[in-house]
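# Coordinate analysis (summary)
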Amino acid sequence: MWASIWYLPITIFALWNLKALPLVWHIRLYSVMIKHFVTRKSENVTFITHGGSAIFEPIITTTSCPLLEIDMNLHKSNSTFFLDLDINRVHLLVALFKPVLSSGVIANPSPHKKLGELKCMLGAVSCHFRREIKPLEKYEVWTRVLCWDKKWLYIVSHFVTKGETAPVACKQRSSKREPEVNRRRQSRENEGNMPFQMEKSRSSKLIRASALSKYVFKQGRRTKPPEEVMKELNLIPPPPDHIFELAKDCKTTEDSQEIPYAEWDWHRIQQENERGLKIASQFDGMDALHETFSGDSSDALGYYSDWPW
């Protein structure tokens, strides 16, 4: 009798907190792998099919804050932001670099002929908080490539209020919010805003937190420069001296005789990359933190336990 009485509230509590239950993170992660490597394995992003700006465009996931993720201040705990980042960043990395990534448990069905399989390893992540996320509140995580250098690929993520903004267009799959996306597209065309940069007055109201992560491509112990990987996967246009070799493979439309990536050519992508590197260079300076560890060179206040005894 008592078991049947408690069954309903326990079930409701579990459903409200499904995201935070043991092993659910692993289920979410591998569902991302299955979605990209199995059910959508033929969908690859290139600058020819998606435009030159695609490398900088975000992927968006929607989630919420279950009760098991709140802290003593009754809002989303800072440590749980990183769990959302794990899932969200994997969506972006696999969507862009699927032909070369090694997924671990799930074998890559069609590894790249020249690059083979690579591992994309997380090197660092930093999260900066602006506004709280309340219990059971829904929010979105927008993640995109910020920039890259000779070693690292930098990825920026934003936690934003759900339903308060939408992309100009969705290129990969149909969206339930397509009418809103269309309205945003018209508004953007009228305002003429700079791509990948919202007005500060608006972003300050929408953003709950922002995170910056950096990844490195590894083939065994050898590091692959991000730009080399992008060029091989046709994620970015080639330099001007190679542009005409690929232009002849692109079909022009009746309305325009320009190649589909003409607006976002190699020069413009390099300009956007340099803009992002100004932020990433400050992030790289944090590597000096390793040198601040005192170890056996100084005294300590003492050893403590996180248990009552």
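In this report, we go over the structure that sits alongside the text. (Residues numbered from 1 in each chain as written. Predicted model: local features only at pLDDT ≥ 70, side-chain atom pairs only at ≥ 80, totals over all residues. Heavy atoms only, no water.)

### A closer look at the overall build of the protein chain
What the protein chain contains, in helices and strands, is nine helices and six strands. When burial is assessed residue by residue, the protein chain has 37% of its 309 residues classed as buried. Sequence-distant contacts, at least 24 apart, represent 76% of the contacts inside the protein chain between residues at least 6 apart. Surface exposure of the protein chain reaches about 19300 Å², of which carbon and sulfur atoms provide 58%. (Helix = DSSP H or I, 4+ residues; strand = E, 2+ residues; numbered from the N terminus. Buried < 20%, exposed > 50% of the residue type's maximum accessible area, 1.4 Å probe, protein only. Contact = heavy atoms within 4.5 Å. Areas by Shrake-Rupley, 256 points an atom, 1.4 Å probe, with all protein chains shown as cover.)

### Focus: the environment of isoleucine 70
Structurally, isoleucine 70 is set in the loop between β1 (59-64) and α4 (81-97). Residue classification places isoleucine 70 among the partly exposed positions, given a relative accessible area of 24%. Separated by 65 residues in sequence, isoleucine 70 and proline 135 have C-alpha atoms that sit 6.6 Å apart. Leave out the neighbours within four places in its chain, and isoleucine 70 touches Cys65, His75, Lys76, Ser77 and Pro135.

### So, the packing of aromatic side chains
Under the defined criterion, the tally for this structure stands at six aromatic pairs. Ring geometry for phenylalanine 56 and tryptophan 148: centres 5.6 Å apart, planes at 15°, overall stacked. Here phenylalanine 56, found in the loop between α3 (47-50) and β1, pairs with tryptophan 148, found in strand β3 (residues 138-148); they are 92 residues apart in sequence, far enough to count as distant. Taken together, the ring pairs connect Phe81, Phe129, Tyr139 and Phe159 into an aromatic cluster. (Phe/Tyr/Trp six-rings, centres within 6.5 Å; stacked < 30°, edge-to-face > 60°.)

### A word on the pattern of salt bridges
Across all of its chains, the model carries 13 salt bridges by this definition. In this structure, the salt-bridge partner of lysine 19 is aspartate 84, at a minimum N-O distance of 2.9 Å. Here lysine 19 is found in the loop between α1 (2-16) and α2 (24-39), whereas its partner aspartate 84 is found in helix α4, with 65 residues between them in sequence. Here the two residues lysine 19 and aspartate 84 agree in accessibility, since each one is buried. One salt bridge in this structure joins aspartate 86 and arginine 89, with 2.9 Å as the shortest N-O distance. With aspartate 86 and arginine 89 both in helix α4 and three residues apart, the pair spans about one turn of that helix. Counted as one network, the salt bridges with shared partners bring together Lys19, Arg28, Glu69, Lys76 and Asp84. (Salt bridge = Lys/Arg side-chain N within 4 Å of Asp/Glu carboxyl O.)

### Some remarks on the nonpolar core
Membership of the largest hydrophobic core comes to 34 residues, with the highest contact counts inside it found for Ile55, Phe97, Trp148 and Leu153. Those elements that provide at least two residues to this core are α2, α4, β3, β4 (153-161), β5 (207-219) and α7 (226-232). Residue contributions to this core peak at seven residues, all from α4. Not counting residues within four places of it along the chain, the set of residues in contact with tryptophan 148 comprises Ile55, Phe56, Leu153, Tyr154, Pro226, Glu227, Met230, Ile236, Ile269, Asn273 and Leu277. (Core = buried A, V, L, I, M, F, W, Y, C linked by side-chain atoms within 4.5 Å.)

### A few points about a nonpolar patch on the surface
Taken together, the side chains of Leu8, Ile12, Trp16 and Leu136 present a nonpolar region at the surface, about 410 Å² in accessible area. Relative to the assigned elements, leucine 8 resides in helix α1. (Patch = residues over 30% accessible without salt bridge, like charges linked within 9 Å, V, L, I, M, F, W, Y side chains within 5 Å.)

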